[in-house]
Structures are given as structure tokens and as C-alpha cells.
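# Structural description and commentary
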Amino acid sequence: QEMAFSMRVVAALCMVGMVSAGNVMSSSQMMRLKGGGAFPRLPDSVKPGVVTGKALEDLLECAKENGFAIPAVNCVTSSTVNTVLEAAAKYNSPVMVQFSNGGSQFMAGKSLPNSKESLEACIAGAIAGAHHVRCMAKHYGVPVVLHSDHCAKKLLPWFDGMLEADEKYFKENGEPLFSSHMIDLSEEPLQENIDLCVKYMTRMAKINCLLEMELGITGGEEDGVNNENVDNDSLYSTPDEVYQVFKALDAVPNSMFTIAAAFGNVHGVYKPGNVQLTPEILGNAQKYIAEKLDGKKGDKPVKFVFHGGSGSEKDKIQESLGYGVVKMNIDTDIQWAYWDGLRGFESKNHGYLQGQIGNPDGEDKPNKKYYDPRVWLRAAEVSAVERLREAFEDLHASGWTK
């Protein structure tokens, strides 16, 4: 039946000139045109392009039940977005593209006004980045979760601006612009964190948008947020804290949420031994909540998020997957890989990059083909794509879209 369907699609596309005799699409491309059921190993609701609502919930549930997590990569330019999409297509995996507050501002352009009261450039950059992802994701043929990263209390104007764009997009298209957003109130008192998350979850649930919240502080430094000297106890969440969050958010009608519980996570890369990850905290929380709920939501009721994935020990990553981690943030390692590709290109072609004219082949030889941004940016992209292979493999995400 599948083959018959594919042949009918080929015939139809030939009639409208989309397929020529010498350019017949592969069976995998045919499958992707079908929409539902495009990925045999994933739920039928999951299709190529940005996934939202039920499809997103189904995808994360599939990850939790099958012991894999989706890499979430911070992007700051169209080049880094395309790099992530390329890697996902190459390694046959779902992926998350996410924008931080600073990354969003960079997408808009650092010269634009960006007052602390309105954060207008951050909002504009996030929306522009989201539309780029939506425009390109379907062409790469993989499911993409479109997400915004850490939003502290002082950055809530940015969050509100993105939600307004989501609501407008939902009114016009029946789904939010973004798949999900993260609110990070981990530095606030627990009850205030929970109350504000419930407030935003109630609003987001009306447009089928998922909320990621943070409980406990992620150490280290990232994107201008420095938690290198926080109290060590705040780096580890307790089962009851996780339960309080789960109970409050689960009570919101139509709610979809993930929890970034702290188990010693640190942003950045540090020497081995300086970071003490304790993934069993997540396992203990799952057991505690499952018992509180009398098993009504299974033995792993929580969808957890792993922050500070760069530089983490492989065995700790593997252990966390068994405790319901469905997403891991990876930023620092990809930044380095991107730079390393550029560094390597300059080192290899140093003699051709010292002026517009003149190189080892002759003093009158032009160097445009070496300093053209498309050339050295591509070297950076290729390097980052290769590093992402390791991330997809570590998270058992490779092959799920075959």
C-alpha cells in the first residue's frame, strides 16, 4: 500500500512538473510528504517542521518512554539555526532550536534600542528567529521544537512579548508561533516561582504552548547570568519541591510542561571533578511523585530537562535518560565547535587571508574565494555539525526519524 501511495504521489507531482524522470524522490521523501506517519518510529502526530501542541506532547512522551532525549541548541544567527537543522537531518533526529534573551537580541542586531523596561530588540529578534526556523524546518524534513531559553524575572517583558506573538499566530494559524518557552524563576522563593508559573501556564494552555520551568539553580555562567558563587544546596532540588511544582501545573486545564530540576548542573565546561552531577535526584523525585499519585500517571510522571549538558560525564547523561530526561541543553560545546571550524580554516589558509591581493601563489593573486564569508562560515558550520553528532548519539536520539 505504501508503494502504491508513493507511485500515485510521483505521478501527481510529475503532472505538475515537480518531479522529472531524472529526479524521482526517494521513498523516505515520499513518506515525509504523507504528513501523519511520516516517521515510523515516532507518533503519527509528529510531522516534519515545527511541532506544537499534541504533536509536541506525543514526541516528548515518546522520548521519555523510550529512553532518549532531544538535543536543545542555542542559536544566535541564521547560520547557527541552519547548522542545527542540518545536523538533525544528517543524523535522523528530532531537535530543539532555542533562543536565549541575549541570542534573541543578537538576532535583531546589537545596535537596536533595547530598554530594560521593554526589551524590544530581544522580542523582535526572537520573533524573527522563530519565523526563520518555521520557514526552513520543513525543508530539512525533521521535527523541530521551537523554544525560548532562560527567562529570569527581570526579563519577563521579553517573555510577554513572545507570548503576544504566539497568541496572534494562534489566532491566525491554530497553533502558537513557538512550541514552548522557559521561565526561570529559580532565584525567587519557591512559592512565588510556582505561582508565577501557574499564571503563565494558564495563559499558555489556551494556545497549546508548553512551559518549561526551572527549580533550583543551574551553576556556572551563561549569557550574562552568573551563578558561579551560589549556595551549593540550591544546586540540588528535593523530591517534594518537584512534587509541589508538578501538582500545581498539572492542575491547570490543558497544561503541558517540563521541569528543569537541579541535580548539580552547571553551565559551561569545567575541569573533571569540579562538577558533581547527581542524576539519582531525578529518579528519587519520579518515585516520590508516582507514589503520591498512587501510580495514576505511571512510574515516571515527570518530563525532566537537563541543563548544562556541555562537558557533562557520559555516564551521568546515560543515567539521567533512565529517569525521564527528555531534553538536554547543549550550548558551550557547540559554540567551541563552531569557533574551532573557523579557527582551523584560518590556520590552514593563513597565507591567503592577509590581504585582498597577494598570497603564496603570487603577489598579484586575488583571495576573494578565501575571505568570502560563505566559505569560512561554512567551515564553522561543518565543524559544529560534526560535534552535534556526538550529542545526538549520547542522547540516543539518532535514527528516530528514519
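That block above? That's the structure.
Report follows, based on the coordinates. (Residues numbered from 1 in each chain as written. Predicted model: local features only at pLDDT ≥ 70, side-chain atom pairs only at ≥ 80, totals over all residues. Heavy atoms only, no water.)

## Looking at the overall build of the chain
Rule in force here: Secondary structure elements are taken from DSSP: a helix is a run of H or I of four residues or more, a strand is a run of E of two residues or more, and numbering for both begins at the N terminus. Relative accessible area decides the class of each residue, using a 1.4 Å probe on protein chains only: under 20% of the type maximum gives buried, over 50% gives exposed, and in between gives partly exposed. Whether two residues touch is decided by their heavy atoms; if any such pair falls within 4.5 Å, the residues are in contact.
Per the secondary structure count, the chain includes 14 helices and 14 strands. For the chain, the residues scored as buried account for 52% of the 402 residues in total. In the chain, the share of contacts with a sequence separation of at least 24, taken over all contacts with a separation of at least 6, comes to 69%.

## Notes on helix α10 (residues 280-292)
Each turn of an α-helix holds 3.6 residues, which means side chains three or four residues apart point in the same direction. How we decide: An expected span of 1.5 Å times one less than the residue number is assigned to each helix.
Taking 1.5 Å of rise per residue, the 13 residues of α10 would be expected to cover 18 Å, and the 18 Å separating its terminal C-alpha atoms lies within 8% of that figure. Among all positions in α10, only I281, L282, G283, A285, Q286, I289 and A290 are buried. On its buried face, α10 is in contact with α9 (239-250), β9 (257-261), β11 (304-306) and β12 (325-330). Positioned one or two residues after α10, D294 has a phi angle of 55°, which is positive.

## Looking at unusual backbone geometry
Although it is not a glycine, N92 adopts a positive phi angle of roughly 55°. Tracing the sequence through the fold places N92 in the loop between α4 (78-90) and β3 (95-99). Positive phi, normally seen in glycine, also occurs at D294, with a value near 55°. Mapping D294 onto the fold places it in the loop between α10 and β11. Residue D294 is classed as exposed on the basis of its relative accessible area, which comes to 64%.

## Things to note about the packing of aromatic side chains
Put simply, the rule is: Only rings of Phe, Tyr and Trp enter the pairing, Trp through its six-membered ring, and a pair is recorded when the two centres are within 6.5 Å. The plane angle decides the type: under 30 degrees is stacked, over 60 is edge-to-face, the rest tilted.
Applying the stated criterion across every chain yields a total of seven aromatic pairs. A ring pair is formed by F159 and Y200, whose centres lie 4.9 Å apart and whose planes are at 70°; its orientation type is edge-to-face. Here the residue F159 occupies a position in helix α7 (residues 156-173), and Y200 occupies one in helix α8 (residues 190-205), the gap between them amounting to 41 residues. You can call Y200 buried: its relative accessible area is 4%. When the ring of Y243 is compared with that of Y288, the centres are 6.1 Å apart and the planes differ by 75°; the resulting orientation is edge-to-face.

## Considering the side chain of D184
Put simply, the rule is: We treat Lys and Arg as the positive residues and Asp and Glu as the negative residues; His and chain ends play no part in the count. Salt bridge, as used here, is a side-chain nitrogen of Lys or Arg placed within 4 Å of a carboxyl oxygen of Asp or Glu. Side-chain atoms alone can form a polar contact between residues adjacent in sequence; in general such a contact is a pair of N or O atoms within 3.5 Å, and within protein one must be able to donate a hydrogen while the other accepts it.
Mapped onto the elements, D184 comes out in the loop between β5 (180-183) and α8. Of the side chains with opposite charge, K154 comes closest to the buried, unpaired D184, at an N-O distance of 10 Å. Within polar-contact distance, the side chain of D184 engages the side chain of H150 at 2.7 Å. At a separation of 2.6 Å, a polar atom in the side chain of D184 contacts the side chain of S186.

## A short note on the pattern of salt bridges
With the rule as written, the count across this model stands at 21 salt bridges. We note a salt bridge from R203 to D160, for which the minimum N-O separation is 3.7 Å. Here the residue R203 occupies a position in helix α8, and D160 occupies one in helix α7, the gap between them amounting to 43 residues. With a relative accessible area of 27%, R203 lands in the partly exposed category. Among the residues examined, D160 registers a relative accessible area of 24% and is labelled partly exposed. Note that R389 and E386 form a salt bridge whose closest N and O atoms lie 2.7 Å from each other. Here R389 and its partner E386 are both found in helix α14 (residues 373-394), three residues apart, which amounts to about one turn of the helix. Classification of E386 by relative accessible area gives partly exposed; the value is 37%. Through salt bridges with shared partners, a single ionic network connects K314, D333, R387, E390 and D394.

Interpretation in functional terms is not warranted from these geometric data alone.
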